[in-house]
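Chain by chain, the residues run as shown.
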Amino acid sequence: MSVLLVLEQGLNGLQFGVMLFLMAAGLTLVFGIMNLVNLAHGSLYMIGAYLAATFFGWTGSFLLAVALSLLATLVVGIVVELTALRTLYERDHLDQVLATFGLILFFNELIAILWGRAALYTGVPPALAGYIELLPRLRYPTYRAAVILVGLAVALLLYVVVARTRLGMLIRAGASNRTMVGALGVNIRLLYTVVFGAGAALAGLAGLMAGPIYAVQPGMGEQILIQVFVVIVIGGIGSIHGALVGAILVGMVDTLGRAFLRPVLSTVITPTAADAAGPALASILIYVLMAAVLFFRPQGLFPPRG
Amino acid sequence: MGRRPRAVVVVAGLLLLALVPPVAAALAQPFYVDLFRRMMIFAIAALSLDLILGYGGMVSFGHAAYLGIGAYAVGILGFHGIESGLIQWPVAILASALTALVIGAISIRTSGVYFIMITLAFAQMLYYLGISLETYGGDNGMPLRTRSQFGPIDLRNPYAFYYLVLALLVLFLLLGARFVNARFGMVIRAAKSNEPRARAIGFSPYGYRLTAFVIAGGMCGLAGALLANQTEYLTPDFMHWTRSGEIMFMVILGGIGTLFGPVIGAVVLLLLEDVLSAFTAHWQIILGPFLVLVVLFAKRGLFGLVPDAGGRRG
Amino acid sequence: MAEPLLAIRGLAKRFGGLQATDGVDLDVVQGETHAIIGPNGAGKTTLIGQLAGDLRPDAGTMRFGGRDVTALDAPARSRLGLARSFQITSIFRDLTVLDNVALAVQAHAGHSFRFWRSARADHALRVPALAVLASVGLDGRADVLAGNLAHGEQRRLEIAMALATKPRLLLLDEPVAGMGLEESQRMVGFLGALKGGLTIVLVEHDMDVVFTLADRISVMVYGRILATGTPEEVRANAAVRKAYLGEDAAA
């Protein structure tokens, strides 16, 4: 277990973390502002991945595929918001959970009808293929490095928007007191649509970046969604800052756990036992982390309402 | 329908269920015994969820986890040669109840969205755990070598098994009805109705909610044991969160907070799935929007449409 | 003098930039009816929240019946004999009137881990509940869903629920809020009849009600108690007149 290996896995953890952050930021914003539990957030991720792969196949241009799929996902998100989700804002969480669950079933099946159930092949775009040399003897896939950079850039962008712009002020105000923002005469409907659209775009971005790394198949959204829930619960629902901290934490713990738990365990228990226990424990590590955080802080690490 | 229409519907429904085997035999369609038995097993699972969801207001989106634990208890014990139902089934209930205790102890300290997400996350954790159990089939699952042995009651006899499940369903309906109207149930319902008020008069809801959660978990665990026997195969998919969503859908469709509603919901939903899947492999594309419509426009559910004894609906 | 039933020392609570409770000292003597008045924003609601156990003070102590209850939550305080009614009606709307009060009785009748016997058929709960309902004039409405009651009836139900817990101290947050003249007078009459036997802390805006019922009044302004005394003393207090009553003299 060399230092280089640890560093490489650490970078993988960071890469997974930023993808989780992109998803978590959108979801937590939507919950914080609109008090909407949206299980179909994962579907937007899935749509982003499928559209990116398809557009790339049609146009051959990675940049074009990125732009088109982002736009298309944004449009899908806004259409869903205007039609199905508007009615849910006034409903209780149970209704929202069930209705968005219905949307998940619909989208998963729609994708299966259009693209089939088998995983879709998405290659790394040629411009980002290959490796970069971060340190002597540490080569890291260019694509993954790009994902990390994009993710961090978006995090910075979000910080600037939320902390320094009027829109961001409305978002922060809305997160801590929704009714007041409405009472101040702000066009709530428009704010909601903008926020939801932003969340959809973020999910679409995560999805389109996910293609070359993770399996693109129906149901992929829910797989990551549960992990996004863990991120948000740990970070504090409604807090973007919390989402970032939670995402990096979860990304690191999960990746490093899967890579190193078995070898670490086999130093203390027999290798065969470690072979059995290692993967099992690694797969539940982030949930144990969530339970531990909740035990001490049931509201998460950075709850926005304090 | 008289002064107690709901009671009439319940009795009629149970009688119809009791008549399925002889009717199926007369029509030479044994498939129906199988189908309705499956419906009743899910009815028990849905009923257990209604206790905490409909009466307690606890939106547990990970309830299928207990279905899986119960099934795996039977499967794992059977794998190691313990085939007696008298050991398997109590273990299934106990294992589920204990898991519910741990999950509930952490989750019930939260509420609202946190609770939903946390129960979902823990259930999915169990799903992943199930997948990682290579000895027991990993994500392919494993077959059940033989149905649980009960001495004189042979579960390989489809009719005996059917009536056993029906008897359990009736038992749980009775127990559930007593729970929700007893002092215990009233605390749960009060806490759901208005938690600050419940606290102001002196109730600390946590202990009661946790107890209800554990009871519901144990009940669903037994449903899991039954399901394993029914399908004679068990996979981690029993615990998948979409299964939790399905069970929740049964509760809503049938009538939340009514105990018998979930039974109706289970029957209707599984019938719907059966009919739709005959038309197209992509039946979920119809089911998804159907669910959305039910939630938006028919939240009281089917049984909720039947007026109850006071003439009140829903 | 015997120790007061309720003794508050140095209570403080801050919300962000606002010091809602700023070092409150208050004594409530057993058997008295003590009103807390003050202009809007004086911090009365925050004070009630801390008295009831919904809010944790940042500093200060609270003693009830000789015990330090500062760290106890609302259910624990209720079990010690501190009952409250809410400013905005808070009842179990989807349960019957009788259920509502029976639950209050049940909360003080041992644990509720009973799973078999129907609570609605339980005489140990029904009989005392009906008695309390009769005392507020709601026994004829026992089987109505609480959400279907008229506003004034719901306020009476609030009081009934508080009384059903056999409290030592009754914390009433604007009991006549939203009531018409006749109903208010009936409520005041009812509360007046409770005086002496029960200690009452009353937050109210309606000055007629306050001066009719209160043995002593505390005036709250900007999170502090400005003055405490009998109604006559408070009426005559110059600082109070200036800060509060003076604005209302024309009203």
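(A) Structural context of helix α5 (residues 151-164) of chain C. Residue and element names in this part refer to chain C. End to end, α5 covers 20 Å across 14 residues, agreeing with the expected 20 Å (1.5 Å per residue, within 8%). Within α5, 11 of the 14 residues are buried, leaving the element largely enclosed by the surrounding structure. Within α5, the full set of buried residues consists of Gln154, Arg155, Arg156, Leu157, Glu158, Ile159, Ala160, Met161, Ala162, Leu163 and Ala164. Next to the buried residues of α5 lie β6 (82-85), α3 (97-107), α4 (123-135) and β7 (169-173). Looking at the residues trailing α5, positive phi occurs at lysine 166, about 50°.

(B) Here's a closer look at the interface of chain B and chain A. Counting from both sides, the interface comprises 35 residues of chain B and, opposite them, 36 residues of chain A. If you list the elements that add at least two residues to the side of chain B that touches chain A, you get α5 (112-132), α10 (241-254) and α12 (284-297) of chain B. The leading source of residues in the side of chain B that touches chain A is α5 of chain B, at 14 residues.

(C) Molecular detail of the sheet that holds strand β5 (residues 67-68) of chain C. All names here are of chain C. Within the open sheet, the four strands sit side by side as β2-β1-β4-β5. Their pairing is antiparallel. The open sheet has two free edges, formed respectively by β2 (18-28) and β5, since each of these has just one partner strand. Across the sheet, helix α1 (residues 44-52) touches β1 (6-15) and β2, and the angle it forms with β2 is around 60°.

(D) Main features of the confidence of the model for chain C. Residue and element names in this part refer to chain C. Of all residues in chain C, 96% attain a pLDDT of 70 or more, and the chain-wide mean is 89. Of all the helices and strands in chain C, helix α9 (residues 238-248) carries the lowest mean pLDDT, 69, while α3 carries the highest, 96. At the level of chain-chain contacts, confidence expressed as ipTM amounts to 0.91, with global pTM at 0.90.

(E) View of the sheet that holds strand β9 (residues 216-221) of chain C. Residue and element names in this part refer to chain C. Read from one edge of the open sheet, six strands run β6-β7-β8-β3-β9-β10, paired in mixed fashion. Unpaired on one side and paired on the other, β6 and β10 (224-229) mark the two borders of the sheet. Going from strand to strand, the sheet's axes swing by 20° on average, the running direction of each strand aside. Here four bridges tie strand β3 (residues 33-37) to strand β8 (residues 199-203), and the two strands are oriented parallel to one another. Along β8, the bridge assignment pairs threonine 33 with isoleucine 200. Here α1 sits on the sheet and contacts β3, β6, β7, β8 and β9; the angle it forms with β7, its principal contact strand, is near 150°.

(F) Structural view of the interface of chain B and chain C. The interface is formed by 21 residues belonging to chain B together with 28 residues belonging to chain C. Listed by contribution, the elements that provide at least two residues to the side of chain B that touches chain C are α6 (158-181), α7 (183-193) and α8 (195-200) of chain B. Broken down by element, the side of chain B that touches chain C gets its largest block of residues, seven residues, from α7 of chain B. Partitioned by chemical class, the residues of the side of chain B that touches chain C number 11 nonpolar, five polar and five charged.

(G) Up close: the domain arrangement of chain C. Residue and element names in this part refer to chain C. For chain C, the assigned domains read domain 1 (1-81 + 167-251) and domain 2 (91-166). Centre-to-centre, using C-alpha coordinates, domain 1 lies 26 Å away from domain 2. Between domain 1 and domain 2, the contact holds nine residues from the first and 10 residues from the second. Within the residue set of the side of domain 1 that touches domain 2, elements represented by two or more residues are α2 (74-80) and α6 (181-194). When grouped by side-chain class, the residues that make up the side of domain 1 that touches domain 2 number five nonpolar, two polar and two charged.

(H) Up close: the environment of leucine 64 of chain A. All names here are of chain A. Structurally, the position occupied by leucine 64 is in helix α3 (residues 62-85). With 13 C-beta atoms counted inside 10 Å, the residue leucine 64 sits in the partly exposed group. Along the sequence, leucine 64 and threonine 179 sit 115 residues apart, while their C-alpha atoms lie 41 Å from each other. Sequence-distant contacts of leucine 64, defined by excluding residues within four places in its chain, comprise Phe55 and Thr59.

(I) Spatial organisation of the packing of helix α1 (residues 5-26) of chain B against α6 of chain B. Residues and elements named next belong to chain B. Interhelical geometry of α1 versus α6 gives an angle of 170° and a closest axis separation of 9 Å. Between α1 and α6, the angle falls in the class roughly antiparallel. Between α1 and α6, the contacting residues are Leu14, Leu17, Ala18 and Pro21 on the first element and Tyr159, Tyr162, Leu166 and Val170 on the second. Split by residue class, the contact of α1 with α6 holds eight nonpolar, no polar and no charged.

(J) Layout of the pairing of β1 of chain C. All names here are of chain C. In this structure, β1 lies alongside β2, joined through eight bridges in antiparallel fashion. Bridge assignment links leucine 11 to a residue of β2, and that residue is valine 24. Between β1 and β2, which pair antiparallel in sequence order, lie two residues; one of them, glycine 16, sits at a positive phi of approximately 60°. Where β1 meets strand β4 (residues 59-64), five bridges bridge the pair, whose relative direction is antiparallel.

Cut-offs used in this document
- Residues numbered from 1 in each chain as written.
- Chains lettered and ligands numbered in written order.
- Predicted model: local features only at pLDDT ≥ 70, side-chain atom pairs only at ≥ 80, totals over all residues.
- Helix = DSSP H or I, 4+ residues; strand = E, 2+ residues; numbered from the N terminus.
- Expected span 1.5 Å × (residues − 1).
- Buried ≥ 20, exposed ≤ 12 C-beta atoms within 10 Å, placed from the backbone.
- Contact = placed C-beta atoms within 7 Å.
- Pairing = 2+ DSSP bridges.
- Axes fitted to C-alpha atoms, helices over the stretch in contact; angles between N-to-C directions.
- pLDDT = per-residue confidence, 0-100.
- Nonpolar A, V, L, I, M, F, W, Y, C, P; charged D, E, K, R; others polar.
- Domains from an automatic or database assignment.
- Parallel < 35°, antiparallel > 145°, perpendicular 65-115°, else oblique.

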